[in-house]
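What the coordinates show
Read off the chains here:
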Number of protein chains: 2
Amino acid sequence: MKDFTSTPSPVKHIAEPTVRRLSGYLRFLEAFDAEGHETISSGELARAGGTTSAQVRKDLSFFGSFGKRGLGYGVKDLIASLREILGLDTRWPVVIVGAGKIGAALAQYRGFGTHGFDVVGIYDTDPSRVGTHLNGVTVRADGDLEGDIAALTPRIAVLCVPGEAAQAALDRVVGAGIRAVLNFAPTSLVAPEGVTVRAVNMATELEVLAYALTNESRD
Amino acid sequence: MKDFTSTPSPVKHIAEPTVRRLSGYLRFLEAFDAEGHETISSGELARAGGTTSAQVRKDLSFFGSFGKRGLGYGVKDLIASLREILGLDTRWPVVIVGAGKIGAALAQYRGFGTHGFDVVGIYDTDPSRVGTHLNGVTVRADGDLEGDIAALTPRIAVLCVPGEAAQAALDRVVGAGIRAVLNFAPTSLVAPEGVTVRAVNMATELEVLAYALTNESRD
DNA sequence: GGGTGCTTGTGAAATCCTTCACAAGCTACT
DNA sequence: AGTAGCTTGTGAAGGATTTCACAAGCACCC
Ligand SMILES: NC(=O)c1ccc[n+]([C@@H]2O[C@H](COP(=O)([O-])OP(=O)(O)OC[C@H]3O[C@@H](n4cnc5c(N)ncnc54)[C@H](O)[C@@H]3O)[C@@H](O)[C@H]2O)c1
Ligand SMILES: NC(=O)c1ccc[n+]([C@@H]2O[C@H](COP(=O)([O-])OP(=O)(O)OC[C@H]3O[C@@H](n4cnc5c(N)ncnc54)[C@H](O)[C@@H]3O)[C@@H](O)[C@H]2O)c1
């Protein structure tokens, strides 16, 4: 054991790849649980997550001891622990900015809700879209954004506006108090310190694939 | 200079994070070029890409010397070099499997085309969707998949089918010769050696944000 | 033509992440 | 109760990536 006298919280600093893997473990465990399994070994989790058993154990050991030696991990227990670690023991209200093709698809995506995220508002500048219904949520005018964020206190915003409008949309949601943003526009945004911005960039994903195909030379 | 007598190709092995950053540089450079700038320094690129100037220079130095000391990098030259490195000096035909909300949004996404990827086919099992047009491409029956892949020789497939159907869809496109896949279903897939599968997982992205918010304790 | 100010390219150091290897611990079975 | 067979948890080693720091090079100006 280390000398933890100066760190009251048990968590020091977890790298993003680790958090991504934890999320992957959680997703597989939910399916595994639905199949009726009671326990799982680090090796099985590793195969599902595309990593190694040692990596799985290391990842989990950052947060405590969840397994039983000789047996493995209790599936339900591990799900609960991972949910708590990831901050999913509460539901997260989310706003979507931009009700175009991608914004609408996301608003109607049920996977959001089953993972603890609730779309509480979706906003668009186009008057012809305002007032339409998407999966129970009504599209509202973008002028309502600040007031709604103050009232509904979502902590995450998803940006689905055109690239030219993305930085302005980010500035607005940040100004309204949002500190975590998922950006679908293919623009790199600058955010103030303390605001986490993650980008989902289709072009980058395809380019990584193109690179892999171009350089598939060896083993 | 190193001793390269045993490596005919100048590229040894580039980590995926590096490729991702290169893709980001390229995207910013295209916008920077459109604004009429002639040159850019590693520091400017770093700020846009959320990294450091040393990182930018290291990333580029894997592939050669593209800059001029005291001046920076020629924007157009660097764009051309990055395109070649990433394998974007040719166009990539792509097939989409699943013409639902996400598949349709992607098929109509113009950003695909402007980055060198052409949607040459989109497939669905639902007879009511087959025959509809999306951005100039007609939805075809999923039975046409193998024949079309043989005829059109796309090398990348994008999976937009429900989670239960994703592994089967992967197996089919791989069987038909595809070796690079972008998966939107929230399922972890197993692919044979030599096939690159990348997953875009909304739940994971949001969970990383939730984790960041939950542990936003320290800078 | 020499000096000044910037910026690149790159070894070396530092940091971060992954893999290895094994003692410790649990269960089940004889 | 003792033993056999797995599987976890974790220091230590190993690799990989990032950061540091600085010499070398170019342009512009006086
Ligand atoms: N369609 C895709 O598959 C896809 C894929 C990846 C990324 N993207 C990106 O996602 C973004 C949206 O794409 P899309 O295909 O949904 O485009 P879209 O044109 O269908 O939708 C954009 C919507 O944003 C609205 N809008 C514009 N400015 C706004 C503002 N300031 N505030 C609120 N709403 C605003 C528009 O009225 C429109 O309804 C783009 O940046 C695009 O590059 C799209
Ligand atoms: N909608 C979103 O915003 C969103 C976001 C992230 C991930 N996803 C994932 O993307 C996938 C598709 O989501 P969606 O919202 O577009 O669902 P959807 O139901 O609108 O579309 C799925 C489509 O796939 C077709 N399909 C089913 N089996 C098929 C097969 N074997 N071959 C070809 N086509 C087949 C269906 O007919 C349907 O048209 C799902 O796995 C979902 O979890 C969706």
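Residue numbering note: each chain is counted from 1, following its sequence as written. Key to labels: chains lettered from A, ligands numbered from 1, both in the order written. For a predicted model such as this one, the threshold for reporting local features is a pLDDT of at least 70, and the threshold for listing and counting side-chain atom pairs is 80 or more; totals across whole chains, interfaces and linings nevertheless cover every residue. Only hydrogens and water are removed before side-chain values are computed, so all heavy atoms of the structure are retained for them.

1. Comments concerning the pattern of salt bridges
- Salt bridge, as used here: a side-chain nitrogen of Lys or Arg that lies within 4 Å of a carboxyl oxygen of Asp or Glu. Evaluated as defined, the whole model comprises 28 salt bridges over all chains.
- Linking D126 of chain A and R129 of chain A is a salt bridge whose minimum nitrogen-to-oxygen distance equals 3.9 Å.
- The class of D126 of chain A is partly exposed, set by a relative accessible area of 29%.
- To sort residues, take the accessible area from a 1.4 Å probe on protein chains only and compare it with the maximum for the residue type: under 20% means buried, over 50% means exposed, and anything in between is partly exposed. Among the residues examined, R129 of chain A registers a relative accessible area of 36% and is labelled partly exposed.
- Ionic pairing is found between D148 of chain A and R140 of chain A, a salt bridge with its closest N-O pair at 2.6 Å.
- The class for R140 of chain A is partly exposed, based on a relative accessible area of 35%.
- One salt-bridge network, held together by shared partners, links E16, R20 and R198 of chain A together with E205 of chain B.

2. Focus: the domain arrangement of chain A
- An automatic or database domain assignment is the source of the domain bounds shown. One can read the domain layout of chain A as domain 1 (2–85) and domain 2 (92–204).
- The centre of domain 1 of chain A, based on its C-alpha atoms, is set 30 Å off from the matching centre of domain 2 of chain A.

3. Observations regarding the site of ligand 1
- Only a single heavy atom is needed: when it lies within 4 Å of a molecule or strand, its residue is near that molecule or strand. Lining the immediate surroundings of ligand 1 are 22 residues, of which K101, I102, D124, R129 and V161 of chain A lie closest.
- The local environment of ligand 1 is shared, drawing residues from chains A and B.
- Each polar contact in these results corresponds to two N or O atoms within 3.5 Å; when the atoms are within protein, one needs to be able to donate a hydrogen and the other to accept it, and residues that are neighboring in sequence are counted only if both atoms are side-chain atoms. Contact distances for ligand 1 include 2.9 Å between an oxygen atom and a backbone N or O atom of K101 of chain A.
- Measuring from a nitrogen atom of ligand 1, one finds a side-chain N or O atom of T125 of chain A at 3.4 Å.
- Protein burial of ligand 1: of its 820 Å² of free accessible surface, 84% is covered by the chains. Areas reported here follow the Shrake-Rupley algorithm with a probe of radius 1.4 Å; residue values treat only the protein chains shown as occluding.

4. A few points about the protein's contact with DNA strand C
- Near DNA strand C there are 25 residues, and of these A15 of chain A together with S42, R57, R69 and Y73 of chain B occur at the shortest range.
- Measuring from a phosphate oxygen of DNA strand C, one finds a backbone N or O atom of F66 of chain B at 3.2 Å.
- The biggest single contributor to the surface near DNA strand C is helix α3 (residues 53–61) of chain A, with four residues.
- Put simply, Ala, Val, Leu, Ile, Met, Phe, Trp, Tyr, Cys and Pro go in the nonpolar bin, Asp, Glu, Lys and Arg in the charged bin, and everything else, Gly too, in the polar bin. For the surface near DNA strand C, a count of residues per class yields seven nonpolar, ten polar and eight charged. The secondary structure listing takes helices from DSSP runs of H or I that are at least 4 residues long and strands from runs of E that are at least 2 residues long, numbered from the N terminus.

5. Observations regarding the interface of chain A and chain B
- The contact criterion used is simple: two residues touch if any of their non-hydrogen atoms lie within 4.5 Å. Taken residue by residue, the interface counts 57 residues in chain A and 57 residues in chain B.
- On inspection of chain A and its partner chain B, the count reaches six salt bridges.
- Residue E207 of chain B pairs with R27 of chain A through a salt bridge whose shortest N-O separation is 3.3 Å.
- Across the contact surface, chain A and chain B share 15 residue pairs in polar contact (both at pLDDT 80 or more).
- Of all the secondary-structure elements, those providing two or more residues to the side of chain A that touches chain B are α1 (16–34), α4 (75–86), α5 (101–107), β8 (156–159), β9 (180–183), β10 (196–199) and α9 (202–214) of chain A.
- By residue number, the principal contributor to the side of chain A that touches chain B is α9 of chain A, which donates 13 residues.
- Residue composition of the side of chain A that touches chain B, grouped by class: 34 nonpolar, ten polar and 13 charged.

6. With respect to unusual backbone geometry
- Even without being a glycine, T153 of chain A presents a positive backbone phi close to 45°.
- Locating T153 of chain A in the fold gives a position in the loop between α7 (145–152) and β8.

7. With respect to the relation of the copies chain A and chain B
- To line up the copies, we fit them by least squares on C-alpha atoms, keeping just the residues with pLDDT of at least 70 in both. Mapping chain A onto chain B leaves a residual RMSD of 0.1 Å; the transformation is a rotation of 179° accompanied by 0.0 Å of translation along its axis. Taken together, the rotation and translation describe the operation of a two-fold axis.
- Most of the interface of chain A is mirrored in chain B, where 98% of its interface residues are also at the interface.

8. Description of the protein's contact with DNA strand D
- Around DNA strand D there are 24 residues in total, and S42, R57, R69 and Y73 of chain A together with A15 of chain B lie nearest to it.
- Of everything in DNA strand D that lies within 4 Å of the protein, sugar and phosphate atoms constitute 61%.
- Between DNA strand D and G70 of chain B, the relevant distance is 3.3 Å, taken from a base nitrogen to a main-chain nitrogen or oxygen of the residue.
- At four residues, helix α3 (residues 53–61) of chain B tops the list of elements feeding residues into the surface near DNA strand D.

9. A few points about the site of ligand 2
- Close to ligand 2 lie 23 residues; K101, I102, D124, R129 and V161 of chain B are nearest.
- Residue neighbours of ligand 2 fall on chains A and B, so the site bridges chains.
- Between ligand 2 and T125 of chain B there is a distance of 3.4 Å, counted from a nitrogen atom to a side-chain nitrogen or oxygen.
- Contacts to ligand 2 include G163 of chain B, whose backbone N or O atom sits 3.5 Å from an oxygen atom.

10. Some words on the sheet that holds strand β8 (residues 156–159) of chain B
Residues and elements named next belong to chain B.
- Any two strands are treated as partners once DSSP identifies two or more bridges connecting them. Strand order in the open sheet made by the seven strands is β6-β7-β5-β4-β8-β9-β10, with mixed pairing throughout. Of all the strands in the sheet, the pair left with one neighbour each is β6 (133–134) and β10 (196–199).
- Here strand β4 (residues 92–97) pairs with strand β5 (residues 117–124) via six bridges, running parallel. Residue pairing in the sheet places V94 in a bridge with V119 of β5.
- Against the sheet, helix α7 (residues 145–152) contacts β4, β5 and β7 (137–141), and its axis sits at roughly 160° relative to β5.
- With axes taken as lines fitted to C-alpha atoms, and helix axes fitted only over the stretch in contact, angles between N-to-C directions fall between 0 and 180 degrees. Sitting on the sheet, helix α8 (residues 163–175) touches β4, β8, β9 (180–183) and β10, and the angle it makes with β8 is about 165°.

11. Topic: the environment of R57 of chain B
Residue and element names in this part refer to chain B.
- Within the secondary structure, R57 is located in helix α3.
- Residues R57 and S42, spaced 15 residues apart in sequence, show a C-alpha to C-alpha distance of 6.4 Å.
- Setting aside chain neighbours within four positions, we find R57 in contact with S42 and Y73.
- Within polar-contact distance, the side chain of R57 engages the side chain of S42 at 3.1 Å.

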